[in-house]
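Listed below are the residues making up each chain.
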Amino acid sequence: MNLLSPKWTQRIAIGVLGAATLATLLVLLFIIVFVLEKGLRTISWSFLFTNPQDMGRAGGIFPTLVGTLLLPLLALAVAVPLGVGTAVYLTEYTREGRLTRIIRFGTDCLAGIPSIIFGLFGFIFFVTILKMGWCLLAGGLTLAIMILPTIIRTTEEAIRAVPYSYREVSFSLGATRWATVVKVVLPNALPGIVTGVMLGIGRCIGETAAVIFTAGSALRLPHSVFDSVRTMSVHFYILAREGVSAENAYGTAAVLILSILLLNVTTYWLMHRFIGRRA
Amino acid sequence: MQKSISGIRAKMLTRLALVGCAVAVALCGCGRKSASITLAGSTAFQPFAEKLAEQYMAAHPEVGVTVQGGGSAVGIQSALSGAAQIGMADLLELPPEAQGLTSVIVARDGIALVVHPANPVTNLALAQAREIFAGTLSNWKDAGGADQPITVVSREAGSGTRSSFEKLIGVSKLSPDAIVQDSSGTIRETVINDQRAIGYLSHGLVNDKIKMLKVDDQECSTDKVIAGKYPLVRPIFLLTKGAPEGLAQAFIAYILSAEGQQCIHKNGLIPAK
Amino acid sequence: MKARGEKIAQRILLVIALSAISSLILIALFIFKEGTPVMLRMGLRKFLFSREWDPQAGLFGIYPMIAASLWVTLGAMLIGAPLGIAGAIFLNEFVPKTVLRIVKPAIELLAGIPSVVYGFIGVMVLAPLIRDHLGGPGLSILAAAIILGVMILPTVISISTDAIGAVPNSYREGALALGATRWQAVHMVILKAARSGIMASIILAMGRAIGDLKAARSGIMASIILAMGRAIGETMAVIMVAGNTVKLPHSVLDSARTLTATIAFEMASATGRHREALFAIGVVLFVIIMILNTCATVSLRGRTTRS
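Note that the structure is predicted; figures quoted are calculated from it, not measured.

(A) Fine view of the overall build of chain A. Looking only at helices and strands, chain A features eleven helices and two strands. Along the chain direction, N to C, the helices and strands of chain A fall in the order α-α-β-β-α-α-α-α-α-α-α-α-α. Referenced to the eigenvectors of the C-alpha coordinate spread, the extents of chain A come out at roughly 70 × 65 × 35 Å. Taking all 279 residues of chain A together, the buried fraction comes to 61%. Of note, chain A has its 22 positive side-chain charges centred 6 Å away from the centre of its 12 negative side-chain charges.

Laid out in structure tokens, this is it:
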């Protein structure tokens, strides 16, 4: 049975695992390099800050940049209060029981729902039944529901990481539970909450299916939340898929990847600060 | 301590409430401020509508015209439901559910059969086209090309271009092997990327990276379409619920004006006359 | 005053806490209300297992799409799960920690790249390769499976790394002290301990295993289920590379249309029964996701109570 010595088994295992890891990293590296190599030369101030012309064939991506900023912002404005509130309730205001289990299970399920279902729901509910039309508001609300689980989970984790003694000190000084939450727990959990917010922004930025059916794809600056917007992901999808302009498509993709890079670096830095504080 | 905390809490809550009200007011206020309409539907007409909207907004910067794709069925649906003020549909004839809508023909459009430039085939008889799209003719060598399988590329169910095309060439059931794409531009990209592919799309959206086929020896060109020689032509409808009013009326009038029709003509569509 | 304030705060928070579950219920009610009538009218078996999907003719059989979704998802798992888990083990056990600290965030960055970018690369690079070297139209199940497999890699690696990293060092040290090679230690101790964790990381990207062995066990298992959920639910990338032919696929080189792609393609234009049928597809997807989630939750709970 044991034809190979443990030493050789180990060598083979390392070889196979190493090769798999290398292959993975190369594929992922290829994707980034492929996009940046073709897209970086398109990026310039004028590409970022001028309006597109001829449906994105020429000109810049300014309205989509604005759309990409506004849509997550709106989604967060709804999802953060709800998500943080839920996490506070789960951790500070109730005991583990049937209710918390149901809430957690619901949150997990919501996290697993495919984005196209959110799109389907948002399109029929917000766009058609509530007669909002394709607009920023419909898109923002749909995305808010989509990122709610992320915010809840990360906030809950962050709140749990706040040592219990902090709360005890606060209680012993006569503070109410609410005051303790607001003045002690939440400030200490803030970096973790911000991490969740960042993850949520990341999901909003990368989302296409749910956005295109709720926020639409109008290629101009929105004047109100009832205007349709196009995010960079949707813009890229349309440019690339319809062959409008390969050059501008790659440029948009490069901007997307760079913004996600920025977002990730920030998140990572915050997470480390957070962990550093806990230790 | 308690008092100050509850005081802070009250202040915070008040502040939150104020911010909330301010945001709500701002949102409502903004919502009413700008006049804007949405066009939705036919992806064949979408690029032209976008161009027209761009020109119209350049002349009237105070208004917003939003153009959304989705296909002709979306055009009819969104005009009916009010999701869009103007629906766009490119259909031979409007379906029964669109009878309640006011319709106006703004352009005519040839449907071009397109292949990869490297494909040696230049002409198809209408009957051959029918067999190809029905799936009974499945190798290019039977249509005068190289010995390789044909990849049929079609639009999705619900597309006006598809239903017009199928009616015009007489296909009752599309080949089950057909690749399906959901816009004219995507059909074009798929054909550009595949030497064996054949697809169809609005004549106005053909570019120099793909090759148009003659149908029954008739070239798909503006002249032939106007002369009534090219067989695959369908009208483009704009649909409104009731008579168009306000901005919708103004925009449709603009499309039908000499300037709008010239823009349509310049970009490869045939004016409604 | 103080007690009353507290009560109010608690009530408000309770209402807020119910937001997620009520959104879920709202979405579920909506989709089931619109989607179940057509299933009941047609008969569930006929809806799920008949092969003709022709909305114009009133035929709504989704078997080809179920098959397509399963083929694509299984293919993606076959590619993504082994590579991802291998990567996670290698990075955790055979590479200095500093390397892990640099590589892991880089890989997590890739989880944030929009799926449309992956899809586009599939169209531009992968589909032509498949068409020229393996035949078929190129836009195919294989292309979709590879693209999805690559897309889920970051999720699998990231969560599995957490799960494996959560195995206490004393386990490894114990094995090493007994004379095991590093690989034997990994193989015998860590993989077994973290196995359910890797699976779990595929279900619950969020359910990050922190701290102890129990959590780690749940972790790897969950990562596999989460990735499956992502693969089944992915829409845009699949639309771009799978070709969207409505036909029961016979080989991986065939083009096919998944459940999600059908919704995305036809939702905006569908009316009447056609729209109901699309909602019914939504119901099917919803049920699949609920089953996956329940599996994850139950397996995690089972493990926890046993140990």
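(B) Examining the packing of aromatic side chains more closely. Summed over all chains, the structure comprises 23 aromatic pairs over all chains. Here Phe121(A) and Phe126(A) contribute two aromatic rings whose centre-to-centre distance is 6.0 Å and whose plane-to-plane angle is 80 degrees, an arrangement assigned as edge-to-face. Here Phe121(A) and Phe126(A) have matching classes, each one buried. Between the aromatic rings of Phe236(A) and Phe120(C), the centroid separation amounts to 5.4 Å while the plane-to-plane angle is 90 degrees, which identifies the pairing as edge-to-face. In this pair, Phe236(A) sits in helix H10 (residues 232–241) while Phe120(C) sits in helix H5 (residues 115–134), so the two residues belong to two different chains. Each member of the pair, Phe236(A) together with Phe120(C), is buried.

(C) Looking closely at the interface of chain A and chain B. If you look at the interface, chain A gives 32 residues, while chain B gives 33 residues. The junction of chain A with chain B conceals about 2500 Å² of combined surface from both sides, 56% of it contributed by carbon and sulfur atoms. For the chain A face of the interface with chain B, the top three residues by lost area are Trp134(A), Arg220(A) and Arg241(A), together amounting to 25%. At the boundary of chain A and chain B, one finds one salt bridge. In this assembly, chain A and chain B are joined by seven residue pairs in polar contact (both at pLDDT 80 or more). Of all the secondary-structure elements, those providing two or more residues to the side of chain A that touches chain B are helix H8 (177–206) and H10 of chain A. In terms of residues, the side of chain A that touches chain B owes the most to one element, H8(A), which gives four residues. Counted by class, the side of chain A that touches chain B contains 13 nonpolar, ten polar and nine charged residues.

(D) Region of the structure containing the pattern of salt bridges. Residues and elements named next belong to chain B. Under the defined criterion, the tally for this structure stands at 19 salt bridges over all chains. Residue Asp109 pairs with Arg234 through a salt bridge whose shortest N-O separation is 2.5 Å. With Asp109 in strand S4 (residues 101–115) and Arg234 in strand S11 (residues 233–241), the pair connects residues that are 125 residues apart, well separated along the chain. Across the pair, exposure class does not vary: Asp109 and Arg234 are buried alike.

(E) Inspection of H10(A) at higher detail. With ten of ten residues buried, H10(A) is to be regarded as a mostly interior element. Taken as a whole, H10(A) has its buried residues at Met232(A), Ser233(A), Val234(A), His235(A), Phe236(A), Tyr237(A), Ile238(A), Leu239(A), Ala240(A) and Arg241(A).

(F) Looking closely at the nonpolar core. Ile27(C), Phe47(C), Ile62(C), Tyr118(C) and Ile281(C) are the most contacted members of the largest nonpolar core, which has 164 residues in total. The element contributing the most residues to this core is helix H6 (residues 136–160) of chain A, with 14 residues. Those residues in contact with Ile27(C) that lie beyond four places of it in its chain are Leu110(A), Ile117(A), Phe118(A), Phe121(A), Ile145(A) and Phe286(C). In this structure, Leu52(B), Ala143(B), Ile210(B) and Ile252(B) belong to the second largest nonpolar core, which totals 69 residues.

(G) View of the interface of chain A and chain C. Counting residues at the interface gives 78 residues for chain A and 78 residues for chain C. Across the chain A to chain C interface the summed buried area is about 7000 Å²; carbon plus sulfur atoms make up 82%. Here chain A is connected to chain C by five residue pairs in polar contact (both at pLDDT 80 or more). With 19 residues, the single largest contributor to the side of chain A that touches chain C is helix H1 (residues 6–39) of chain A.

(H) Region of the structure containing helix H8 (residues 246–256) of chain B. Where H8(B) is concerned, the buried positions are Leu247(B), Ala248(B), Phe251(B), Ile252(B), Tyr254(B) and Ile255(B). Angularly, the buried residues of H8(B) cover 155 degrees about the axis, an arc narrow enough to put them on a single face.

(I) Structural context of the packing of helix H4 (residues 98–112) of chain A against H6(A). Residue and element names in this part refer to chain A. Packing of H4 against H6 leaves a shortest axis separation of 8 Å and a crossing angle of 130 degrees. In terms of axis orientation, H4 runs oblique to H6. Remark: the crossing between H4 and H6 carries left-handed chirality. Two secondary-structure elements touch here, H4 through Arg104, Thr107, Asp108, Leu110 and Ala111 and H6 through Ile145, Pro149, Ile152, Arg153, Glu156 and Arg160. Across the contact of H4 with H6, the residue classes tally to five nonpolar, one polar and five charged.

(J) Geometry of the packing of H8(B) against helix H9 (residues 258–266) of chain B. Residue and element names in this part refer to chain B. Contact geometry of H8 with H9 gives a least axis separation of 4 Å together with a crossing angle of 60 degrees. Considering the angle they form, H8 stands oblique to H9. Between H8 and H9, the residues in contact are Tyr254, Ile255 and Leu256 and Ala258, Glu259, Gly260, Gln261 and Ile264, respectively.

(K) Here's a closer look at the domain arrangement of chain B. Residue and element names in this part refer to chain B. Domain parsing of chain B yields domain 1 (6–109 + 235–271) and domain 2 (110–226). Each partner contributes to the interface: domain 1 provides 19 residues, whereas domain 2 provides 21 residues. Taking both sides of the interface into account, the surface hidden between domain 1 and domain 2 amounts to around 1300 Å²; carbon and sulfur atoms contribute 58%. For the domain 1 face of the interface with domain 2, the top three residues by lost area are Leu92, Asp109 and Ile270, together amounting to 37%. If you look at where domain 1 meets domain 2, you find zero salt bridges. The interface formed by domain 1 and domain 2 holds seven residue pairs in polar contact (both at pLDDT 80 or more) in total. Listed by contribution, the elements that provide at least two residues to the side of domain 1 that touches domain 2 are helix H2 (46–59), helix H3 (72–81) and S4. The class makeup of the residues in the side of domain 1 that touches domain 2 is eight nonpolar, seven polar and four charged.

Criteria and thresholds
Residues numbered from 1 in each chain as written. Chains lettered and ligands numbered in written order. Predicted model: local features only at pLDDT ≥ 70, side-chain atom pairs only at ≥ 80, totals over all residues. Heavy atoms only, no water. Helix = DSSP H or I, 4+ residues; strand = E, 2+ residues; numbered from the N terminus. Buried < 20%, exposed > 50% of the residue type's maximum accessible area, 1.4 Å probe, protein only. Lys, Arg positive; Asp, Glu negative; His and termini not counted. Charge placed at Lys NZ, Arg CZ, Asp CG, Glu CD. Phe/Tyr/Trp six-rings, centres within 6.5 Å; stacked < 30°, edge-to-face > 60°. Contact = heavy atoms within 4.5 Å. Buried area = accessible area lost by both parts, 1.4 Å probe. Salt bridge = Lys/Arg side-chain N within 4 Å of Asp/Glu carboxyl O. Polar contact = N/O pair within 3.5 Å; in protein donor to acceptor, adjacent residues only side chain to side chain. Nonpolar A, V, L, I, M, F, W, Y, C, P; charged D, E, K, R; others polar. Core = buried A, V, L, I, M, F, W, Y, C linked by side-chain atoms within 4.5 Å. Arc of directions from axis to C-beta. Axes fitted to C-alpha atoms, helices over the stretch in contact; angles between N-to-C directions. Parallel < 35°, antiparallel > 145°, perpendicular 65-115°, else oblique. Left-handed = near helix turned anticlockwise from the far one by under 90°. Domains from an automatic or database assignment.

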